[in-house]
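Fold and contact review
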Amino acid sequence: MERGLSRNTLASYRRDLERYAGELAESGITDLAGVRFADVTGHLTRLRESGLASSSAARAISAVRGLHRFAVRERLVAQDVTAEVRPPAPPKRLPKALAVEEVNRLLAVPDTHSPLGLRDRALLEFLYGTGARISEAVGADIDDVDLEDVTLRGKGGKSRLVPIGGYARNALDAYRTRARPILSENGRGTPAVFLNARGGRLSRQSAWTVLHRCASEAGLQTEGPYAVSPHTLRHSYATHLLDGGADVRVVQELLGHASVTTTQVYTLVTVERLREVYATSHPRAR
């Protein structure tokens, strides 16, 4: 809470630490002062053997290390036995961005003759048109959206102002005037932009389901490591901006990244695409 982490991150850390505490208890360890270096490395080994993704295992060990650092800082234990433990390095995989034509196919799927179809079109246009995280989209309130911009509340409670393009704005206007009043009749006056069929705030899970269904109908990949997800639209937003000549620092601000290093991965995506085009187009490329 002191670090301003999101509710989802806190829930993940809680699960990680409950699993760790459970393993310690099975070994007869009920106090952090009794934990040894071998206990922590053994926990890491079991995480790997369980088939957990390296990124998830790294997060779990990060949570364990944070717990022990906290215990030392609060003088609950004399030393940090996790100081020399290194989390597994996740494989470096470039984010998957959709082609513009694929994005257009996806956005054309929702049936705008129904209230839920209008909502789904507005949601997809919003995600691609602002680069919002799924939690930022479903967390947006009516008062956060004006004629040209939207206020997004990101990680750590930080907010940023992002412009809305014409397509997203038109989809939002159609949804807010023709569909949202109908959906809100079933609710209790929630200020959320995106509502579910009962008039309450649309959940992250439901928004993900909308995208998954539309991606499937659009003939896009919905299984495997590069399956279309809400983050895919965020990746596509950033990649298409850079392809169009946007400065990486501007894209950093739009995405809400604390460091430009995080944003620079998208420049690698653009370079990779240039290599692919060269390899398939130039007569002397092979």
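Residues numbered from 1 in each chain as written. Predicted model: local features only at pLDDT ≥ 70, side-chain atom pairs only at ≥ 80, totals over all residues. Heavy atoms only, no water.

Focus: the nonpolar core
Heads up, the rule is: Working definition of a nonpolar core: buried Ala, Val, Leu, Ile, Met, Phe, Trp, Tyr and Cys residues. They are joined through side-chain atoms within 4.5 Å. Only protein chains enter the accessibility calculation, which uses a 1.4 Å probe; a residue whose area is less than 20% of its type maximum is buried, one above 50% is exposed, and one in between is partly exposed. Each helix corresponds to a stretch of at least 4 residues labelled H or I by DSSP, and each strand to a stretch of at least 2 residues labelled E; elements are numbered beginning at the N terminus. Contacts are assigned to residue pairs that have any heavy atoms within 4.5 Å of one another.
Within the largest apolar cluster, 48 residues are counted, with the highest numbers of intra-cluster contacts made by Leu 106, Leu 123, Phe 126, Leu 172, Tyr 175 and Phe 194. Among the secondary structure elements, those contributing two or more residues to this core are helix 4 (100–107), helix 5 (115–130), helix 6 (134–138), strand 1 (149–153), helix 7 (166–178), helix 9 (204–217), helix 10 (230–243) and helix 11 (248–255). It is helix 5 that provides the largest number of residues to this core, a total of 6 residues. Apart from residues no more than four positions distant in its own chain, Leu 106 is found in contact with Leu 98, Leu 124, Leu 211, Cys 214, Ala 215, Ala 218, Leu 220 and Leu 233. Residues Tyr 20, Leu 24, Ile 29 and Ala 57 belong to the second largest nonpolar core, which totals 13 residues.

Thoughts on the side chain of Asp 141
This is how the line gets drawn: Throughout this description, a polar contact denotes any pair of N or O atoms lying within 3.5 Å of each other; where both atoms belong to protein, one of them has to be capable of donating a hydrogen while the other can accept it, and for residues adjacent in sequence the pair is counted only when both atoms sit in side chains.
For Asp 141, the location among the structural elements is in the loop between helix 6 and strand 1. Looking at Asp 141, its side chain comes within polar contact range of the side chain of Arg 201, at 2.7 Å.

Topic: the layout of surface pockets
Just so we agree on the cut-off: Throughout, the protein atoms alone are placed on a 1 Å grid, and a set of points is a cavity if a 1.4 Å probe fits but cannot get out or a pocket if it is open with protein on both sides within 12 Å along at least five of seven lines; lining residues have an atom within 4 Å of a point. Grid points are joined across faces, edges and corners, and a volume is the space filled by probe spheres set on the points. Each residue gets one label: Ala, Val, Leu, Ile, Met, Phe, Trp, Tyr, Cys and Pro are nonpolar, Asp, Glu, Lys and Arg are charged, and the others, such as Gly, are polar.
Roughly 650 Å³ of internal volume is contained in the second largest pocket. Along the walls of the second largest pocket sit 15 residues, with Met 1, Arg 3, Tyr 13, Gly 66 and Leu 67 positioned nearest its centre. Broken down by secondary-structure element, the contributors of at least two residues to the lining of the second largest pocket are helix 1 (7–26) and helix 3 (54–73). A per-element tally of the lining of the second largest pocket places helix 3 first, with 7 residues. Taken together, the residues of the lining of the second largest pocket break down into 8 nonpolar, 2 polar and 5 charged.

With respect to the pairing of strand 2 (residues 159–163)
Note on strand geometry: in a regular strand, side chains alternate between the two faces of the sheet. In plain terms, the rule: At least two bridges found by DSSP between two strands are what make those strands a pair.
With burial as the criterion, only one face of strand 2 is covered, namely that bearing Arg 160 and Val 162; the residues Ser 159, Leu 161 and Pro 163 on the opposite face remain uncovered. Sheet topology note: the strand 1/strand 2 ladder contains 5 bridges and is antiparallel. Residue pairing for strand 2: Val 150 is matched across the bridge by Val 162.

Remarks on the environment of Leu 98
Among the structural elements, Leu 98 can be located in the loop between helix 3 and helix 4. Overall, the relative accessible area of 3% leaves Leu 98 in the buried class. C-alpha of Leu 98 to C-alpha of Arg 234: the two residues are 136 residues apart in sequence and 9.9 Å apart in space. Once you skip the residues sitting within four places of it in the chain, Leu 98 turns out to touch Val 103, Leu 106, Leu 220, Val 228, Thr 232, Leu 233, Ser 236 and His 240.

Re the UniProt feature "active site" (unreviewed entry) in the protein
Stated formally: UniProt positions are given in the numbering used here, feature names are shortened, and annotations may be inferred rather than shown by experiment.
Residues annotated in UniProt with the feature "active site" (unreviewed entry) correspond here to Arg 133, Lys 155, His 231, Arg 234, His 257 and Tyr 266. Tracing the backbone through its elements, the reader meets Arg 234 in helix 10. When residues no more than four places from it in sequence are discounted, the contact partners of Arg 234 are Gly 131, Ala 132, Arg 133, Arg 160, Leu 255 and His 257.

Side note on the side chain of Thr 82
Relative to the helices and strands, Thr 82 is located in the loop between helix 3 and helix 4. Here Asp 80 takes part through its side chain, which lies 2.6 Å from a polar atom of the side chain of Thr 82. Ignoring any residue separated from it by four or fewer positions in sequence, one finds Thr 82 in contact with Val 40, Val 64, Arg 65 and His 68.

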